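Below, each chain spelled out in residue letters.
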Amino acid sequence: MNNNINHNKIIKDAYLESINNKRYGDKKEELLSIQNKILNAKKIIIATNNKKKFNIINNILISIFKNYNKPVPNIKKLNINTNSVDLTRLPAINKGLIAVDISDADIVIARGRLGAPGSGSMLIIMDNKGRCLSASLSPTSLIHKKDIGDAVKDELNEALERIGINIGI
C-alpha cells in the first residue's frame, strides 16, 4: 500500500511541476517508483486471450521476478475476446484499458495493433489506473518479418529495458 501511495504522490508532484512550468525532465525517484510498482505487483493481467502470447509474456515475467528475488505475482490472462478494440483508433491501449476496467490487477500488459491497420504493434505496461508505465512499438510484421513469439518477446524486453528492468534472457 505504501508503494502505491508513493507512486501516486510522485505522479501528482510531477503533474504539479508541469502545471507550474517547473518540469525539467524525469527524476530518479520517478523511475524507481515505476520499477517498484511493477516488481512489487501482486497481480498482473495480460490483456490477451491468445495462449501463445500469454505463455511468452508469462514465462518472461516469472523469470524477471525470480532474477530480482521477488515473489512471483498472480499472473492471469484476460479471459475475454478483445477483437472489438481493433475498431478503435488505439487498439493496444484500449485493450489495456479494458483489462484495467474489469480486473483488480496491479499491472496490466497489453499488446495489439498500434493504430490503423498496417501501423504495426504496441506493447504497453499500465498501472491499475490505466497510466502508461512503459511501452514499445514494432513495425508491421511485413517489415520486421519476425515470428509472433519473437516479436512479443522483443517488445516486452524493450518496454522493460526502457525503465531499467532487465529480463535476463
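Because the structure is predicted, anything quoted here is derived from the model rather than measured.

What counts as what
- Residues numbered from 1 in each chain as written.
- Predicted model: local features only at pLDDT ≥ 70, side-chain atom pairs only at ≥ 80, totals over all residues.
- Heavy atoms only, no water.
- Pairing = 2+ DSSP bridges.
- Helix = DSSP H or I, 4+ residues; strand = E, 2+ residues; numbered from the N terminus.
- Axes fitted to C-alpha atoms, helices over the stretch in contact; angles between N-to-C directions.
- Expected span 1.5 Å × (residues − 1).
- Buried < 20%, exposed > 50% of the residue type's maximum accessible area, 1.4 Å probe, protein only.
- Contact = heavy atoms within 4.5 Å.
- Polar contact = N/O pair within 3.5 Å; in protein donor to acceptor, adjacent residues only side chain to side chain.
- Core = buried A, V, L, I, M, F, W, Y, C linked by side-chain atoms within 4.5 Å.

Trainee: Just give me the short version of the sheet that holds strand β3 (residues 107-113), but keep the residues and values in it.
Mentor: Strand pairing in a sheet relies on backbone hydrogen bonds, with the paired strands running either antiparallel or parallel. The strand order across the open sheet built from five strands is β2-β1-β3-β4-β5, with neighbouring strands paired in mixed fashion. Each edge of the open sheet carries a strand with a single partner, namely β2 (74-77) and β5 (132-138). Ignoring which end each strand starts from, the neighbouring axes of this sheet average 15 degrees apart. In this sheet, strand β4 (residues 121-127) lies alongside β3 in antiparallel orientation, the contact comprising seven bridges. Residue pairing across strands places A110 opposite I124, the latter belonging to β4.

Trainee: Please set out helix α3 (residues 51-67) residue by residue, giving values where relevant.
Mentor: Given a rise of 1.5 Å per residue, 17 residues ought to cover 24 Å, and the 24 Å separating the end C-alpha atoms of α3 matches this to within 8%. Every buried residue belonging to α3 is among K53, F54, I56, I57, N58, I60, L61, S63, I64 and F65, and all of these are buried. Against the buried residues of α3 lie α2 (28-39), β1 (43-47), β2, β3, β4 and α6 (148-161). N-capping of α3 is provided by N50, with a side-chain oxygen placed 2.9 Å from the backbone N of K52.

Trainee: I'd like a description of the side chain of N58, backed by residues and values.
Mentor: Relative to the elements of secondary structure, N58 occurs in helix α3. Residues within four places of N58 in sequence aside, it is in contact with I46 and I75.

Trainee: Which residues make up the environment of D127, and what values do they have?
Mentor: Mapped onto the elements, D127 comes out in strand β4. With 20 residues separating them along the chain, D127 and D147 place their C-alpha atoms 28 Å apart. Once residues within four sequence positions are removed from consideration, D127 is found in contact with H7, I11, K37, V100, D106, I107 and L133. Of note is the side chain of D127, whose polar atom sits 3.2 Å from the side chain of H7.

Trainee: Describe the nonpolar core, with residues and values.
Mentor: Ranked by internal contacts, the top residues of the largest apolar core, which has 26 residues, are I109 and I125. Taken together, the elements giving at least two residues each to this core come down to α2, β1, α3, β3, β4 and α6. In terms of residue count, the dominant contributor to this core is α3 (seven residues). Excluding anything up to four places from it in sequence, I109 contacts I44, I45, I46, A47, I57, L61, L123, I124, I125 and L156. L78, V100, I124 and M126 belong to the second-largest nonpolar core, a separate cluster that totals 13 residues.

Trainee: So what's going on with the pairing of β5? Which residues, and what values?
Mentor: The buried fraction of β5 is high, at five of seven residues. Relative to β5, β4 runs antiparallel, the two sharing six bridges. Within the sheet, the bridge partner assigned to I125 lies in β5 and is S134.

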